[in-house]
Amino acid sequence: PSVHRACAASNMVADAMFAGELKHLSGYGSAVHTHGAVAADRPSASRDGVLLSLLSWNLLAPPYKRPRESEQASRSRALAQIALVRESAADVIGLQEFWLEQEHMEAWSNFAASEGYCMLVSPRTGGKPDGCCMLVRRRRLAGLPSMETYSFDDWGNRILQCVTLQLAGCSDRLMLAHTHLTFPHANGHDPQMRRHQARKLATWVREQRSSTPHLALFGDLNGDVHDPAVSQLLQSAELAPMSGETDWVSHLSHLGTPMACDLVATAEPAAGGVRVGEWSFGGSAEELLAGTWLSDHRPLYASLVLDSRQPSDSEPA
C-alpha cells in the first residue's frame, strides 16, 4: 500500500509539473531560408494520388556524441551526411539534432541553395545547441511554406516544428508535424514527462485534424509503437504508424539499446487524406550496432501518398 501511495503521489506531482498544452512560440527565433522563388513542377503522381518522398534522420549533433569527436571529425561526418541526403533526392527532409553551430548551418544552407530547397529551422528552447530542420524542394510547391514552432513547455526543452505546404497538384494543404521527444531514462520524471508530451501532442493533432485532412507526424519519438508514450500518442491522436511491427532497428541509444523509434504516422480521414506508402531505412543495422555509421540513427525513407483531387473553379488554388 505504501508503494502504491508513493506512486500515486509521484504521478500527482508529475501531472502538476507537466500540465498544460503545447505552447506556441510566437516571434520565436525560427528561420526560413527560401533560396529563390518557388517554381511549381508537375506533381509526382500514381494511380492512388500525389506522391511525396520523405527522409527523416536524427543526425546526432556533435555536442551529444559519445565519446566526443574532433572538430575535423564532426566536419567530415556532416559532409558525409549531406552527401547521403543529396543522393536521396527526397522532396521533404526532416533532420533532428540539427546542430545550430554557424559553420554547420552554412554547410546545410549551401546544400539547400544548390539543390533547390526551402530550409526551415526551429531551435530547441532553453538555449540548447540543436533543433529541428526541415528542407522542402521548391519545385514541389505552389507557394512558400509556412512554419510554426511549439514548445512542450517542460524541462526537456523539446519542440514541435509544424510546416504547412501547398503542393502543386493538390487542392488541400499538407501539414507536416516534425518532432524529437525526450528519451525515456529510467528515472522518476522522464517517463512521466514523455506521457505528457504525448498527451499535449495528441491534443494538438486532434485540433488540427478538424480543418486539415492531410496531416503527417514524423521524427524521432525515442520509443517504438509499443512504448507507453508513443502508444498513447498514436491511439489518442488516431494516427496510423507506418508499421505496427518492431522487428527492425533504427537507433542505437547511448545506453547501447537497439530501438525502433524513428517513425512516420498519418491521420487518414474516411475520404481522401494522406497515408504512408513504401518505407525503408538507409545504412544497415550491422553498421549502426557496430558504431561505424554516420549517426546513432539510420535515415528513414518513406513515400507519402496524398489524395490527388485538383482544385475546382470554386476553390482557391
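These lines cover the structure that appears in this document, whether it is placed above or below. Nothing here was measured: the structure is a model prediction, and the numbers come from that model.

## Points about helix 4 (residues 190-209)
The end-to-end C-alpha distance of helix 4, which contains 20 residues, comes to 28 Å, matching closely the 28 Å that a straight helix rising 1.5 Å per residue would cover. Extensive coverage of helix 4 is indicated by the burial of 14 of its 20 residues.

## Remarks on the packing of helix 2 (residues 71-88) against helix 3 (residues 102-115)
Relative placement of two packed helices is described by the angle separating their axes and the distance separating the axes. The N-to-C vectors of helix 2 and helix 3 enclose an angle of 20°; their axes lie 11 Å apart at closest approach. Accordingly, the angle class assigned to the pair helix 2 and helix 3 is roughly parallel. For the crossing formed where helix 2 meets helix 3, the hand is right-handed. Side by side, helix 2 and helix 3 meet where Arg75, Ala78, Gln81, Ile82, Val85 and Arg86 of the first sit next to Glu103, His104, Ala107, Trp108, Phe111, Ser114 and Glu115 of the second.

## Considerations on the pattern of salt bridges
Counted by the stated rule, this structure contains eight salt bridges. A salt bridge links arginine 86 to glutamate 115; the nearest nitrogen and oxygen atoms lie 3.0 Å apart. Of the two residues, arginine 86 sits in helix 2 while glutamate 115 sits in helix 3, which places them 29 residues apart along the sequence. Residue classification places glutamate 115 among the partly exposed positions, given a relative accessible area of 27%. The partner of arginine 124 in a salt bridge is aspartate 130, with the nearest N and O atoms 3.2 Å apart. The residues arginine 124 and aspartate 130 share a single accessibility class, namely buried.

## Considering the packing of aromatic side chains
Here a ring pair, both rings aromatic, is described through the centre-centre distance and the interplanar angle of the planes. With the rule as written, the count across this model stands at nine aromatic pairs. Ring geometry for phenylalanine 111 versus tyrosine 117: centroids 5.5 Å apart, planes at 25°, classification stacked. You can call tyrosine 117 buried: its relative accessible area is 1%. Taken together, Phe98, Trp108, Phe111 and Tyr117 form an aromatic cluster joined through their ring pairs.

Rules of the game
What you see as residue numbers is a count from 1 along each chain, following the sequence as written. A pLDDT threshold of at least 70 governs which residues receive local features in this predicted model, and a stricter bar of 80 or more applies before side-chain atom pairs are shown or counted, although totals over entire chains, interfaces and linings include all residues. Each side-chain value is worked out from all heavy atoms of the structure, with water and hydrogens disregarded. Secondary structure elements follow DSSP: runs of H or I no shorter than four residues count as helices, runs of E no shorter than two count as strands, and numbering proceeds from the N terminus. One less than the number of residues in a helix, times 1.5 Å, gives the span that helix is expected to have. Burial classes follow relative accessibility: with a 1.4 Å probe on protein chains only, a residue under 20% of its type's maximum area counts as buried, one over 50% as exposed, and anything between as partly exposed. For helices, the fitted line uses only the C-alpha atoms of the stretch in contact; every axis is such a line through C-alpha atoms, and the angle between N-to-C directions lies from 0 to 180 degrees. Reported orientations rely on four angle classes, namely roughly parallel under 35 degrees, roughly antiparallel over 145, roughly perpendicular from 65 to 115, and oblique for the rest. A crossing counts as left-handed when the near helix is turned anticlockwise from the far one by less than a right angle, and as right-handed when that turn is clockwise. Residues are treated as being in contact if the distance between any of their heavy atoms lies within 4.5 Å. What makes a salt bridge here is a side-chain nitrogen of Lys or Arg within 4 Å of a carboxyl oxygen of Asp or Glu, nothing more. Working definition: a ring pair exists when centres of Phe, Tyr or Trp rings (six-membered ring for Trp) sit within 6.5 Å. Plane angles under 30 degrees give stacked, over 60 give edge-to-face, the rest tilted.

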